[in-house]
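Architecture and fold: a report
Spelled out from the first residue to the last, the chains are:
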Amino acid sequence: MIKEDLSFDEKRKRLMEILKERSYREGDFTLTSGKKSPYYIDCKTTTLLPEGAYLTGMLFLEMLMNKGQKVEAVGGMTLGADPLVTSVSVLSFLKGFPLPALIIRKKPKGHGTSAWIEGTDNVPPGSKVALLEDVVTTGGTLLTSAKRLQDAGYLVTRVLCLVDREEGGKEALEASGFHLESIITRKELSEL
Ligand SMILES: O=P(O)(O)OC[C@H]1O[C@H](OP(=O)(O)OP(=O)(O)O)[C@H](O)[C@@H]1O
Ligand SMILES: O=C(O)c1cc(=O)[nH]c(=O)[nH]1
């Protein structure tokens, strides 16, 4: 049973346990960047669980509410960020300051609107957007996502991830002027 009054650290600890049990796997994996890895964190197995979606959404929301620059929307690249932006958006409504969600496509829609980003009618250009991601390795996906949002006229003022694999993504983002905030690092997960 989820208790509404769990502290930030208690939520983070519980989320780490779920990620370790459900999402962390050792083996021989090829990553989206083409790099090889002896481990893989399939965050979706966690973020698509009711408890995982709640905890992830609440932790992102608390990071956005309690420190740093305030934002007017959340966004992220499909598919990993879909449950993240949805959870934060729903929970933000319940907490009384609704943040609409933007979902960035990997390719523009091939018919109808031809859109790169869904949800733009709810978020005016010039809005401050927090870019969310499930796992960061090289940071390439986040950099592409940030560019898509900027091309649509948004200001990417916060960049947050669930797990930072600590393999250069944070530094690549810093080099482009973005500060990556993570809920959990790979080191913390492997030490659990
Ligand atoms: O920091 P990077 O090197 O860019 O790697 C991280 C990205 O890789 C994964 O997505 P994936 O490409 O597997 O797509 P999916 O979310 O559609 O499964 C993950 O969800 C991140 O978006
Ligand atoms: O770099 C990636 O593609 C990647 C790494 C990882 O641990 N999990 C994931 O979903 N993608």
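Let me sum up the structure you'll find in this document. Owing to the predicted nature of the structure, the values given are computational and were not obtained by experimental measurement.

1. Regarding the site of ligand 2
Lining the immediate environment of ligand 2, one finds Leu 31, Thr 32, Tyr 40, Ile 41, Val 135, Thr 137 and Arg 165. With respect to ligand 2, the backbone of Ile 41 contributes an N or O atom lying 2.8 Å from a nitrogen atom. A distance of 2.6 Å separates an oxygen atom of ligand 2 from a polar side-chain atom of Thr 137. Relative to its unbound accessible area of 290 Å², ligand 2 is 91% covered by the protein chains. A molecule is said to occupy a pocket when more than half its atoms come within 2 Å of that pocket's grid points, and by this definition ligand 2 occupies the largest pocket. In terms of residue class, the shell around ligand 2 is made up of four nonpolar, two polar and one charged.

2. As for the sheet that holds strand β6 (residues 128–136)
Backbone hydrogen bonds hold the strands of a sheet together, and the pairing may be parallel or antiparallel. With mixed pairing, the six strands of this open sheet are ordered in space as β5-β4-β3-β6-β7-β8. Of all strands in the sheet, those with a lone pairing partner are β5 (117–118) and β8 (180–185), marking the two edges. With eight bridges connecting them, β6 and strand β7 (residues 155–164) associate as parallel partners. Bridge pairing links Leu 131 to Val 159 in β7. Here helix α3 (residues 50–66) sits on the sheet in contact with β3 (73–77), β6, β7 and β8, set at roughly 140° to β7. Sheet contacts for helix α5 (residues 140–151): β3, β4 (101–104), β5, β6, β7 and β8; angle to β6, the most-contacted strand, approximately 160°.

3. Description of the packing of aromatic side chains
Under the criterion given, the structure shown has two aromatic pairs. Ring geometry for Tyr 24 against Tyr 39: centres 5.7 Å apart, planes inclined by 25°, an arrangement best described as stacked. You can see Tyr 24 sitting in strand β1 (residues 24–30) and its partner Tyr 39 sitting in strand β2 (residues 36–41), a full 15 residues away along the chain. Like Tyr 39, Tyr 24 is buried.

4. Considerations on a nonpolar patch on the surface
A contiguous nonpolar surface patch, about 350 Å² in accessible area, is contributed by Val 90, Phe 93 and Leu 94. By the element assignment, Leu 94 lies in helix α4 (residues 82–94).

Analysis parameters
Residues numbered from 1 in each chain as written. Chains lettered and ligands numbered in written order. Predicted model: local features only at pLDDT ≥ 70, side-chain atom pairs only at ≥ 80, totals over all residues. Heavy atoms only, no water. Near = heavy atom within 4 Å. Polar contact = N/O pair within 3.5 Å; in protein donor to acceptor, adjacent residues only side chain to side chain. Areas by Shrake-Rupley, 256 points an atom, 1.4 Å probe, with all protein chains shown as cover. 1 Å grid on protein atoms, 1.4 Å probe; cavity = no way out; pocket = protein on both sides within 12 Å on 5 of 7 lines; lining within 4 Å. Sits in = over half its atoms within 2 Å of the grid points. Nonpolar A, V, L, I, M, F, W, Y, C, P; charged D, E, K, R; others polar. Pairing = 2+ DSSP bridges. Helix = DSSP H or I, 4+ residues; strand = E, 2+ residues; numbered from the N terminus. Contact = heavy atoms within 4.5 Å. Axes fitted to C-alpha atoms, helices over the stretch in contact; angles between N-to-C directions. Phe/Tyr/Trp six-rings, centres within 6.5 Å; stacked < 30°, edge-to-face > 60°. Buried < 20%, exposed > 50% of the residue type's maximum accessible area, 1.4 Å probe, protein only. Patch = residues over 30% accessible without salt bridge, like charges linked within 9 Å, V, L, I, M, F, W, Y side chains within 5 Å. Salt bridge = Lys/Arg side-chain N within 4 Å of Asp/Glu carboxyl O.

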